[in-house]
Structure formats: C-alpha cells, structure tokens
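# Examination of the molecular architecture
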Amino acid sequence: MPELCEVALPVPLRTTFTYAAPASLDAPPACGARVVVPFRNRALVGVVLACTEQAGVRDGIREISEVLDAEPALTPALIALGRWVASYYLAPVGEVFRSMLPPVVEIRAVQEISRTRAGGEYLRELEALEERTGDERTEAAILRAFPSDGAPLRAARLRRLAGGEMAMARLLRRGALEARVITRRRAGRAGGVEFASEAPPEWSPDAPRHALNPEQLRALEAVRADLAAGQFHVNLLHGVTGSGKTEVYLGAIEAALAAGRSALVLVPEIALTMALSRLLEARLGPGAGVTVLHSALGDAERSAAWWAVRSGAARVVVGTRSAVFAPLERLGLVVVDEEQEASYKQEETPKYHGRDAALVRAKLEGAAVVLGSATPSLESYQNARRGKYRLLELPTRVADRPLARVELVDLREDFQRTHRTRALGERLRGAIGERLAAGTQALILINRRGYSWFMLCRSCGAAVQCQNCSIALTWHKRRARLLCHYCAFSRPAPAVCPKCSGKYLYFVGEGAEQVEEQLRAEFPGARIARLDRDSVRTQQAYRKILEGFAGGELDVLVGTQMLAKGHDFHRVTLVGVVSADLALGLPDFRAAERTFQLLTQVAGRAGRGELRGDVLIQTHYPEHYAIQCGARQDYRAFFEREAQFRRAMHYPPFAALANVIVRDAKLENAARWARQLAAILAPAEERGLKVLGPAAAPLARLRGEHRLQFLIKSPRRSVLTETLTRALGACAEKEIPEGAVLVDVDPIGLM
Ligand code: ADP
Ligand code: ZN
C-alpha cells in the first residue's frame, strides 16, 4: 500500500505538504528524517512529520526525491515541540521546522532545465519575427543557449542573463522549457557522527569548586529531588546578583548527567556561551561533551556541533534561544539563565519565546527546569506566586559580600546648581575621578547608540527622519552619517532642514559615542574603551575589550546594555548610569519592568570581588517606583506595584496578549485589510476578548511599509489562540496576502 508522508517545507505558508514515499524504498522514511522533494520548480529540503498508509489513488501526489537521513534528524519530542510552536505562535509550520533543523551542508541541489519540442518551435517563431520586444529577445537568447543534442543546462547559468529569471519563468509556464531537480552529495559527507567537537577542552580536574552555602544547597537539593522523581517541574531560582546561581546550575547539571540524562542550558547572549561552556568543561570533564550552539557559528561548524549532539556524543548543550531545539535525547534538565531577558524572544518569524518553548519541551520530555534571575519576569514570578513554579531564593551575595550602595542623582538639581546639561553630571564625574586616582575601575552605562539622538530644526521643530521609517535618524559622528537603527538607510547630515529648508539645525541628546568623547576630554590620562554594536562588530573584538577590562588594561568601560549582563568583573567599584529615564519614556507596558531590570542588573556589576562597589544613577524622575525599587534592589516591592498596574490594565501576566500588525507599501491596502480584519475579530469580543485598534502602529512606517496595529487581550489563552487561528483562516479566504498580517503572540516589545 502506498505510504503518504506529511512533509514540512521551508516556505512561508501555514500548511504542511503531502508526498509519496519513494517507490524504490522498502520502508517509508522515518518520521523526523530530512528529505528532498520537488516543490514548484525547485528542490527543497524538508522534514517528514508523519507517515500514513493510504489505499487507493495518489494522482497528482509527487514523490520524495531523496531521503537524507537514515536516522531521523528530529526526535519525536522535537516534532511535537515544533508543532506546538507553530500553533501557539501561529507561525508557518515549515519555517518553524526550518529553524529546528541543522544547516544542510551535505547535499547540493541543482536545477536542470531542458528545452522541449514546443520550445524549439517557439524559438523558430521568435526568430521569424521582424521586430522583437526586449522580453522576446531574452527568451530567444535562452532558447538558443541549448545545445542541439538536447542536453540540459544548469538553471543558475540561465538566470545570470539580464532578465533571465523572469524569462525562464515565462518559458516554463508556456511549456517551452522543463525543469528537473537533481541532488548531488558533496564529496566527503559533512555532518554525521565522525565529526568530533573541535579542539579538546582544557580540562583541569581541580577546577574551582566552592563549598555551597546553605541557600545554594537548599536550592540544589530541590532540583535534585525533581531529577530523582524524573518528572517535569519548574523551579524559579530568584537570586540577587552575585548570589552564586551558576553553582546551583552546575550542581544540577552534574546530577542530571549522573542520572544518565542530558542537560540544556540557555543563556541570553552569544557572548555568554563561551565563559559558561569553559566553566562546564572544566567542571564536568571531556566525557560530557559540552557543546555550544548559537546562530553565529558557520554552517559547517553548526552542523558538526548539531550532529555531535544528535549522536549522543554531546550530553550538555550551552546555547542561545535557538538551542532550545538542540537534538538532545533523554533530556533531564533545562536551565534558562536570566529568564527575563528580551533576547529570548525571536523578533522574526517564527516569533517564539525561547524560555517558553524550553518549558514546553521540558514538559514533553519529563525534565526538571531551573529558571534563574535576579529580576524574574512578572510572568514567571506570578507563576511562582500561584504555586505553579517552586520559588527558590538566594537572598544574599556569596561570602557575605554586601550589595552595592546605590545613589540616585537628581539631574534637575544638578542643572540648578551648574546651569548646564551634560551627560555626565558633577557627581558622576567626581566619582569617576576618585576611581582613577585609586586605581580601580568604572563601568558607565548609556543606553543609546551613536553620538546624538537626532537632528532638529529650530524653525519647524521637525527631526530629520528616515526616508523608509517613521523614526528620527541618529547621528554617528565617527562615520559622519545619520543612521536609521531600524533599516539600513543612512545619509550625510543635511545643511538645511529637509522639510522647511530652515538653516538652523542642531543635534539633540548624547549617545554612547559622545559620552566616550566627553570622558576622554575630562580624563586625558585614563584608558577608556567603548562597548556597543558600533564599536565592536565581531565576537573577537567584543572578547578583546572584555578581556582587556577584566585583565586591568582599561580603567573605564562605557557602553550600552551589552555591559549590563552577566560579566563577573572583580575590580569594578563604580557603576554609573547616565540616564535611567530613556527606557521609561517608551510607549510600552513593559517600560517600568525594563527600567527596573536594567538598574538591578547594572548595580549587580559593582562590588563583585573583595572591593566594595557604588552605583550612581542619574535621573529626572527619582520618585518613579521603577527607579526607587531599582535603587533599593527591592524586587518584591517592584513586583507588587507593577502587578497592580498590569492587573488593572489587563496586561500580561493577567491576560494573554497578541500584537497584530497589518502592513503594506500602499497605505490604502493596509487600511482596507485592517478594516476587514477588524470585522473578522469583532465577534470574539463576546467571548471576553478586547480588541484595541486598528490604529497607527508606534512605528507607523517601517522599511517603506505602512503599518496598522491591533492589540488583542484575552482573559483566556485558549480563546486568544482560537480567535487568531480563525482570523488568519478568514484573512486567507479574503485573499489578504499571508505576509501582510504579522501576528506576535506574547509580544515583548510593541514597537
Ligand atoms: P550570579 O549569577 O548569581 O550573579 P555567580 O554565579 O556569577 O552569581 O557567582 C558570583 C561569584 O561567586 C562567582 O565568582 C562564583 O565563583 C562565586 N561563588 C559562587 N558560589 C560561591 C560560594 N559558595 N562561596 C564562595 N564563592 C562563590
Ligand atoms: Zn529606516
């Protein structure tokens, strides 16, 4: 009986596809195996999700051309996880599975084109014409390119002709050409088990091991109990900065391995994977096969690491968001460090949250979970409050080190005293000077890239805007250009206002580049470096600066929030925050939470060694609760205040939220589709759904497209998911293009 396979293909459609198992095979491909299939005129690599025996006709169903994996790439748990991601986030299923699979390095698909009889006749017709259009000339050139013996040509070669791609498509439709895809294995098959994980780790059997303090021990015991029970259970490890959460993770990983299971550790940034994997290698020894997975690895490297994990040679994976799909088997433990970090949310399709996908995966595999944070997300803490998660607390720093002393500097007073507005107020400059004199270090956080925030016209008051986005351009002095931080657009600073031709333009606001310049001017002898996306463009440059700072070759490090995370510097005695207010002003319900988190994180960078640390936070709103609680590092108080606001406004964690953007290059299209969508959504209000919008999105134009926004809140998750699923189906019926409606479930930012 014929076997039909459900195959997920990397195309932006919300469906899977049916193919027949190759007749030449005795058995159908395994579920989870990658296959090559014909799709339109291309060959695509997809993955088999299910196989069913089906009696009767299979007319029109095409056959799988090649099965790439004898052993399936994806485990059953990963297939289930992929299906969950697709349905929960309403993401095209094929794109979800594409992000789960290793890069395809072992095969090459070649599209071959041959000329048909009809093609030969059409060429003669074209040649007989007295005059030919440009299109016809290209078509004739393509048809003439074929040798007379009927041998096929590579499609890539024909595409290189000017207009070749379009002409080829027309000729294929006409039946003048025929396409066929052949796949070739690359010599020396890459991937597979024979790829050991690169260089042997430097293993020292006596890697530092601290005697755990009683709180660490209690936390570890709780996780060990979950591992022993072999059941899904979530622990929220709320530990102040420097409380030694990493030791708890390490102990839990050791316990998982001892129980014969594997462990997955997610960290919020690529830069943090290295330090942690080294620590793990030193602690666990080479047998554990600690493997790093993240998106910055090259294809060959990533494929090798992926297959090392798949083969079982690697039992511990440290990675960023996408590592949640690491093909570990017998998963026993999942650790999500800094679980509140926004970087766990993928901003492109599929817009999944790494932490939440990790929780679902752990549930599917019966694994224990540790979510670690000094400032848990409102969502996770509320779950702990409700008893859904077990709360484990590390309320003090290790070795009785005090928390840093935090002082708020009221910029309004600074101005009244000095009658100047400068990024670095008097108090902060003084404190930096003291550190330089004492030979200790300072970290200065400024949460804005570039030199000036924007360029403003004194006559009409307009800022110089991006031509593709409704956003002011940022001045980058070193590059001498105004840049859009949302699209690639840049331009030189105009001499006159582009709107009113006014002559008086001036720069407003200080970014990281300018703060660095001011520091250099103020402290000429000091060794200063800047860390942000503009100053470091590679992982290497990033590591070099951090190592230089850790090694004492630098006195002051200034940078964006890249600085705030994770790093364990022991000689920092001052952390300065240039402005606590930048994040507060954003039109986003998470503004206060972000501000609080940033202040707590950054305060955690001071006084981590033997030396005591001070934190100075400059602000215009010292009385705001996010800033007050951040300064006191009082998470509980912040949570209470913020939870009140969220509950009253029906925001997460007290409602399920989705952000829906309708976009098009033509405003009238976006507006029409948004009206249609509004009508589709309206009936759901009876089921408790609140639909706000359509309204202009905060970024009303982005990369040349107009954007209208709906915010959808629901007291019940299931109602939200059902409604959105139905709405997308209805949009398809109304022939609204799939790419025009962007759904973001559990959005992190509303821009
Ligand atoms: P967190 O992630 O909670 O901010 P870390 O795990 O980075 O803190 O630990 C902070 C520092 O304390 C590290 O240098 C670590 O080696 C050290 N440390 C951890 N546990 C102990 C302990 N029980 N005794 C002494 N030092 C410890
Ligand atoms: Zn732009």
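The structure contained in this document is the topic of the report that follows. (Residues numbered from 1 in each chain as written. Chains lettered and ligands numbered in written order. Predicted model: local features only at pLDDT ≥ 70, side-chain atom pairs only at ≥ 80, totals over all residues. Heavy atoms only, no water.)

### Quick look at the pairing of strand S10 (residues 262-266)
Of all the 5 residues making up S10, 5 are buried; the element is thus mostly covered by neighbouring parts of the structure. Neither face of S10 is exposed, since Ser262, Leu264 and Leu266 on one face and Ala263 and Val265 on the opposite face are all buried. In the sheet, S10 pairs with strand S13 (residues 331-337) via 5 bridges, with the strands oriented parallel. Across the sheet, the residue bridging to Leu264 is Val334, located in S13. Examined bridge by bridge, S10 and strand S12 (residues 316-319) share 4 bridges and lie parallel to one another. Each bridged residue has a counterpart across the sheet, and for Leu264 the counterpart in S12 is Val317. (Buried < 20%, exposed > 50% of the residue type's maximum accessible area, 1.4 Å probe, protein only. Helix = DSSP H or I, 4+ residues; strand = E, 2+ residues; numbered from the N terminus. Pairing = 2+ DSSP bridges.)

### Describing the site of ligand 1
Not every one of the 17 residues close to ligand 1 is listed here, only the nearest: Ala211, Gln216, Gly242, Thr246 and Asp568. Contact between ligand 1 and Ala211: a nitrogen atom at 2.9 Å from a main-chain N or O atom of the residue. Between a nitrogen atom of ligand 1 and a side-chain N or O atom of Gln216, the distance comes to 2.9 Å. Surface burial for ligand 1 is 79%, taken as the share of its 570 Å² of free accessible area covered by protein chains. (Near = heavy atom within 4 Å. Polar contact = N/O pair within 3.5 Å; in protein donor to acceptor, adjacent residues only side chain to side chain. Areas by Shrake-Rupley, 256 points an atom, 1.4 Å probe, with all protein chains shown as cover.)

### Looking at the coordination of the zinc ion (ligand 2)
Around the zinc ion (ligand 2), the protein contributes the donor atoms Cys466 (SG), Cys469 (SG), Cys484 (SG) and Cys487 (SG), which lie 2.3 to 2.4 Å from the metal centre. Geometry at the zinc ion (ligand 2) is tetrahedral, judged from the 4 donor atoms that bind it and their angles of 102 to 114 degrees at the metal. Motif for the zinc ion (ligand 2), donor spacing along one chain: C-x2-C-x14-C-x2-C. A residue pair is termed long-range when its members are at least 10 positions apart, and Cys466 in the loop between strand S18 (454-457) and strand S19 (474-476) and Cys484 in the loop between strand S20 (481-483) and strand S21 (490-491) qualify at 18 residues. (Donors = N, O, S within 2.8 Å, 3.2 Å for Na, K, Ca; no water. Tetrahedral: all angles 85-135°; square planar, octahedral: opposite > 155°, others 65-115°.)

### Notes on unusual backbone geometry
The step from Thr349 to Pro350 runs through a cis peptide bond, and the omega angle for that step is -10 degrees. Assignment of secondary structure puts Pro350 in the loop between S13 and helix H11 (354-365). Between Gly693 and the following residue, Pro694, the backbone shows a cis peptide bond with an omega angle of 10 degrees. Structurally, Pro694 is set in strand S28 (residues 690-702). One non-glycine residue, Ala480, adopts positive backbone phi at about 55 degrees. Within the element layout of this structure, Ala480 appears in the loop between S19 and S20. Ala480 gets classed as partly exposed once you look at its relative accessible area, which sits at 41%. Non-glycine residue Arg703 carries a positive phi angle of around 45 degrees.

### Thoughts on the packing of helix H17 (residues 591-603) against helix H19 (residues 635-649)
Where H17 contacts H19, the axes come no closer than 11 Å and their chain directions differ by 170 degrees. Of the possible angle classes, the one that applies to H17 and H19 is roughly antiparallel. On H19, the residues touching Ala592, Glu593 and Phe596 of H17 are Tyr635, Phe638, Glu642 and Arg646. Within the contact of H17 with H19, the residues separate by chemical class into 4 nonpolar, no polar and 3 charged. (Axes fitted to C-alpha atoms, helices over the stretch in contact; angles between N-to-C directions. Parallel < 35°, antiparallel > 145°, perpendicular 65-115°, else oblique. Contact = heavy atoms within 4.5 Å. Nonpolar A, V, L, I, M, F, W, Y, C, P; charged D, E, K, R; others polar.)

### A closer look at helix H6 (residues 164-174)
What H6 keeps buried is the set Gly164, Ala167, Met168, Leu171 and Leu172. In an axial view of H6, the angular spread of the buried residues amounts to 140 degrees, which keeps them on one side of the axis. Turned more than 90 degrees away from the buried face of H6, the exposed residues are Met166, Arg173 and Arg174. Gly175 occupies a position one or two residues after H6 and carries a positive phi of about 85 degrees. (Arc of directions from axis to C-beta.)

### Some details on the nonpolar core
Counting 88 residues, the largest nonpolar core has Phe97, Leu264, Leu677, Phe710, Ile712 and Leu724 as its most contacted members. Each residue touching Phe97, except ones within four places of it in the same chain, is listed here: Ala8, Val47, Leu49, Leu74, Leu78, Ile79, Gly82 and Arg83. (Core = buried A, V, L, I, M, F, W, Y, C linked by side-chain atoms within 4.5 Å.)

### Description of the sheet that holds strand S26 (residues 614-619)
The 6 strands are arranged S16-S26-S25-S17-S24-S23 in an open sheet whose pairing can be described as parallel. Looking along the sheet, the strands with just one partner apiece sit at the ends: strand S16 (405-410) and strand S23 (528-531). Each strand of the sheet is rotated relative to its neighbour by a mean of 15 degrees, with strand direction disregarded. The sheet contact formed by strand S25 (residues 572-577) and S26 spans 4 bridges and is parallel. Bridge assignment links Leu574 to a residue of S26, and that residue is Asp614.

### A closer look at the packing of aromatic side chains
Applying the stated criterion to the full structure yields 16 aromatic pairs. A cation over a ring is seen here: Arg174 above Tyr122, with NZ or CZ 3.7 Å from the ring centre. Positioned over the ring face of Tyr506 is Arg458, at 3.9 Å from the centre of the ring. (Phe/Tyr/Trp six-rings, centres within 6.5 Å; stacked < 30°, edge-to-face > 60°. Lys NZ or Arg CZ within 6 Å of the ring centre and 35° of its normal.)

### Things to note about the pattern of salt bridges
Using the criterion set out here, one finds 41 salt bridges in the structure. Here Arg355 ties to Asp356 by a salt bridge, and the two come within 2.9 Å at their closest N and O atoms. Overall, the relative accessible area of 17% leaves Asp356 in the buried class. Asp414 is paired through a salt bridge with Arg417; the nearest N and O atoms lie 3.7 Å apart. Of the two residues, Asp414 and Arg417 both sit in helix H13 (residues 411-418), 3 residues apart, roughly one turn of that helix. On the basis of relative accessible area, Asp414 is assigned to the buried category, the value being 5%. You can call Arg417 exposed: its relative accessible area is 53%. Here the residues in one salt-bridge network are Glu379, Arg590, Glu593, Glu642 and Arg646, joined through shared partners. (Salt bridge = Lys/Arg side-chain N within 4 Å of Asp/Glu carboxyl O.)

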